[in-house]
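Tertiary structure, described
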Amino acid sequence: MSRFVCIHGHFYQPPRENPWLEEVELQESAQPFHDWNERISSECYARNGASRILNDKGYITEIVNNYSKISFNMGPTLLSWMEKKDPDAYQAVLEADRLSRQRFSGHGSALGQVYNHMIMPLANTRDKRTQVLWGIRDFESRYGRKPEGMWLAEAAVDLESLDIMAEYGIKFTVLAPHQAKRVRKMSEKPWKREDDVPVDLRRPYLCKLSSGRTIALFFYDGPISRAVAFEGLLHSGEVLAKRILGALDARPTENQMVHIATDGESYGHHHKYGDMALAYCLKHIEDNNLARLTVYGEYLERNSPQYEAEIVENSSWSCIHGIERWRDDCGCNSGMQPNWHQQWRAPLRKALDWLRDRTSAIYERELSGYPVDPWQLRDAYIDIILDRSRPNIERFLSQYIHRPLDTAEKNKILRCLEIQRNALLMYTSCGWFFDDISGIETVQIIKYASRVIQLVRRVSEEDLELGFIEILGNAKSNVAEANNGARIYKSFVAPSVVDILRVGAHYAMSSLYEDYPAEVKLYCFTVRRQIYEKQSVGKLEIVVGKAEIVSEITWTTFQVHFVVLHLGDHNFVCGVDYFKDDATFAQMQSDVFSVFSEGDIPRSIQVINRYFSSKNYSLWHLFKEEQQVILDQIFESTMKELDASFRRIYDDHYSLIRMINENHMPLPKALANVVEFVLRRDMVRLFEQEHVPLDRLARLVNEMARWQFKRDKENLDIIGAQKITALMLAIAQAPEKEAPIEHVVEALHILEALHLQMDLWKAQNIYFSLGQKYYRQKRLLAETDEYAAKWVRAFDALGGYLKVKV
């Protein structure tokens, strides 16, 4: 009999896309910002795709793709985000599943997931079905195969969800041990409750469903999983391996598999270097033949269930009260605010359920005139979500709506389908998981609800906003400024709503900083410039224009006209309205330019207000990312002024400053700030150059090293690492040349004097990859070729600084 080990990671990034822009955007809430720390979690996903193993001297000797050796699931929202934001990590995930199929007898390491992390037992039957179908279809589009298993959000389970999964070919799911109600051997009649006999977590179980279908269940090892997540077990890969292997019998009488399941973010995000502990654990088990690594699909094929199990209905892995965490004040929370209540959960769900049910009736009514089942159409809509190209949408509409459609009908159908997509997204589980309704996660799902309300208004002229807000007002916040759900809606959701006019305002204001072509894509909108005229008086600028704006999601198309007056810095006066006619536009254009050319700014603003009334916009109506770009440009001019002032002080008083420092006297804080500012700006400028002049770098580092005050070390760590990585990428473009390698070696040698703690993870990966491709051949050539010998010496020296050995 054999011993097997399977480690499962549930990787989950909550969807934080702006529902109107289809893009991840900075979020606002009444609480201090406490998101998932996008940068660090992104690095966690990337590091597990290229994790490293060290020798006893601390040198990297191997880089492995953890995903290819473990079982994992990543939701569609995470994968679509990763595909855009970190394509290398995304490709590593897809490659890992391909490699795992070679390793594990054709069975991939990736599991499917219900589409947007909805708590399935709390969903209606239609939504459960769509969640499963969309999850499967998304998985197929990425991995090129059908998922064998499917992860349930928060492992929240009920029999109907299992039956739907089994109906669509899902063979197994993974649950927590306390979710096993009772078990028995297939040949036995009496059931054994867990209270009587503990469930053996090392074997698979069969769950028989009322439809006659079946699905396999794996109950993960709870104590070890908790130790990984919360008890520091990832501090040592060897200790982790021993703990896992300790759950197996030394001489089993049947095949046994110990398997654990945790948030995948444990491996490198929640626990620094957790990915390396995982990599070493897996290597230790394999190299010493202590057990065989496997994944659930492979193990199930070779070890069909001999026992059956019943589940605890409406249970989950993260709420001891079942699924109450997502609908009631059950006492489960993050623990960060022990005196807060979660009484807001119930009215929040009530408001969303009310909106879903009202919306469903409208959806059915609006599509009743078309020869199609509206719910089958929604199930198929995933094909458009995955590919929003015009030819694909036309094909989809032709396939499911068996009659010709005009533009207005296509627009209406797409809007109806978007209503349903957002009505699903608004049930994403993290909206209830944390401590208060004012949190960023809950504000996010209310934004999806707001998008539903907006689209319903467009297709039916019914306004559900007041009814929704009325129910939401019963959700009381723990944060005084937030008050309740109604206040949160008005303060943090309503201002984020985007319509065609706001897109026009964004285009008009940002066009003063961006040189847009005649047609430009802004997020999920296409803007086609039709008229654009600009005039300037001194530093003042004014633009009058006309544009066509098209939503690539719903095909909504409108013409708008606009005026934007820039008074300098962050001061914009912008008016946007739907285009009426050529005569009105011409008169407006003439009036605006006539007054502006006279330099009469107050009258110019009056004219803009007269033509656009309440449809006025400012910098703060720009989308967040563009706001930041413009503010950065504004600040840059300010920084130039500061730079000139500080540098003058630095130059004029340098001898005095240096004398104070050399005599070990405390430098006045004001002067220390001046020195730090000037030197840091010099370093940034130096690193911005494509080729860093080493003589200047050496002089600057020597100058920085002589000062006793604390430097902005963390910032230098980041910009230094970015530059070294950029130089390594340049080496990868011309790996045969030794000069660029020697240049990086010398740069790292010079930077040693600053004792920086640069995160050179990406640079190390590049070095390791180059070593795998070129080092052995160069080493052989070095015996007779001096150029190859120089390359090897330089490459070895670089490996010494990067702590990598190939």
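Everything below is about the structure printed above this text.
Now for a description of the structure that goes with this document. (Residues numbered from 1 in each chain as written. Predicted model: local features only at pLDDT ≥ 70, side-chain atom pairs only at ≥ 80, totals over all residues. Heavy atoms only, no water.)

Within the secondary structure layout, Arg 302 lies in helix H9 (residues 296-302). Along the chain, Arg 302 and Cys 281 lie 21 residues apart, while their C-alpha atoms are 24 Å from each other. Setting aside its immediate chain neighbours within four residues, Arg 302 contacts Ser 105 and Arg 292. (Helix = DSSP H or I, 4+ residues; strand = E, 2+ residues; numbered from the N terminus. Contact = heavy atoms within 4.5 Å.)

Sheet architecture is open: 6 strands sit in the order S17-S18-S19-S20-S21-S22, paired in antiparallel fashion. The sheet terminates laterally at strand S17 (519-522) and strand S22 (616-617), the two strands that pair on one side only. Pairing between S17 and strand S18 (residues 525-537): 4 bridges, direction antiparallel. Residue pairing for S18: Lys 521 is matched across the bridge by Thr 526. Helix H20 (residues 582-597) rests against S18, strand S19 (540-551) and strand S20 (557-566) of the sheet, and its axis sits at about 155 degrees to S19. Against the sheet, helix H21 (residues 601-612) makes contact with S19, S20, strand S21 (572-578) and S22, and its axis sits at roughly 165 degrees relative to S20, the strand it touches most. (Pairing = 2+ DSSP bridges. Axes fitted to C-alpha atoms, helices over the stretch in contact; angles between N-to-C directions.)

A few words now on helix H17 (residues 465-472). Of the positions making up H17, those classed as buried are Phe 468, Ile 469, Ile 471 and Leu 472. One side of H17 holds all its buried residues, which, seen down the axis, span an arc of 165 degrees. For H17, the exposed residues set more than 90 degrees away from the buried face come down to Leu 466 and Glu 470. Of the surrounding secondary structure, the elements contacted by the buried residues of H17 are helix H10 (345-366), helix H16 (440-460) and helix H18 (485-493). (Buried < 20%, exposed > 50% of the residue type's maximum accessible area, 1.4 Å probe, protein only. Arc of directions from axis to C-beta.)

Bringing the pattern of salt bridges into the picture now. Going through the model one piece at a time under the given rule, you end up with 62 salt bridges. The closest approach of N and O atoms between Asp 383 and Arg 137, which form a salt bridge, is 2.9 Å. Placement of Asp 383 in helix H12 (residues 382-385) and of Arg 137 in helix H4 (residues 125-143) is noted, with a sequence separation of 246 residues between them. For Arg 137, a relative accessible area of 31% puts it in the partly exposed group. Between Glu 519 and Arg 528 there is a salt bridge, and its shortest N-O distance comes to 3.0 Å. Accessibility expressed as a relative area gives 47% for Glu 519, which makes it partly exposed. Given the relative accessible area of 29%, Arg 528 is considered partly exposed. (Salt bridge = Lys/Arg side-chain N within 4 Å of Asp/Glu carboxyl O.)

Attention now goes to the pairing of strand S7 (residues 110-113). Residue alternation in S7 divides its side chains into two sets, Ala 110 and Gly 112 and Leu 111 and Gln 113, and both sets are buried. In this sheet, S7 lies alongside strand S6 (residues 71-74) in parallel orientation, the contact comprising 2 bridges. Directly across from Asn 73, in S7, lies its bridge partner Leu 111. In this structure, S7 lies alongside strand S8 (residues 150-151), joined through 2 bridges in parallel fashion. Counterpart to Gln 113 in the pairing with S8 is Trp 151. Read from S7 through H4 to S8, the crossover connection turns out right-handed. (Right-handed = clockwise from strand over helix to strand, strands pointing away.)

A few words now on helix H7 (residues 237-245). In an α-helix there are 3.6 residues to a turn, and that puts residues three or four apart on one side. Considered for burial, the residues of H7 that qualify are Gly 237, Leu 240, Ala 241, Ile 244 and Leu 245. Seen end-on, H7 carries its buried residues on one side only, within an arc spanning 125 degrees. Next to the buried residues of H7 lie strand S1 (3-11), helix H6 (222-230), strand S14 (256-263) and helix H8 (274-287). Put simply, Ser 236 is the residue that caps the front of H7, since its side-chain oxygen is 3.4 Å from the backbone nitrogen of Glu 238. (Polar contact = N/O pair within 3.5 Å; in protein donor to acceptor, adjacent residues only side chain to side chain.)

Moving on to the packing of H10 against H16. In a packed pair of helices, the relevant descriptors are the angle between the two axes and the axis-to-axis distance. For the pair H10 and H16, the least separation of the axes is 11 Å and the interaxial angle reads 25 degrees. Judged by the inter-axis angle, H10 sits roughly parallel to H16. For the pair H10 and H16, the sense of crossing is left-handed. Residue-level inspection shows Leu 348, Leu 352, Leu 355, Thr 359, Ile 362, Arg 365 and Glu 366 of H10 in contact with H16, the latter providing Thr 442, Ile 445, Ile 446, Ala 449, Val 452, Ile 453, Val 456, Val 459 and Ser 460. Of the residues contributing to the contact of H10 with H16, the split by class is 11 nonpolar, 3 polar and 2 charged. (Parallel < 35°, antiparallel > 145°, perpendicular 65-115°, else oblique. Left-handed = near helix turned anticlockwise from the far one by under 90°. Nonpolar A, V, L, I, M, F, W, Y, C, P; charged D, E, K, R; others polar.)

Between S17 and S18, which pair antiparallel one after the other, the connecting turn spans 2 residues, and Tyr 523 there sits at a positive phi close to 55 degrees. The pairing of S18 with S19 spans 12 bridges and is classified as antiparallel. Its bridge partner lying in S19, Ile 531 is registered against Lys 546. A loop of 2 residues connects S18 with S19, the two strands running antiparallel in sequence, and Gly 538 in this loop sits at a positive phi of about 65 degrees.

The backbone of Asp 569 shows a phi angle near 50 degrees, a positive value even though the residue is not glycine. Note that Asp 569 resides in the loop between S20 and S21. On the basis of relative accessibility, which here comes to 48%, the residue Asp 569 falls in the partly exposed class. Backbone geometry at His 755 places phi at a positive 55 degrees, although glycine is not the residue there.

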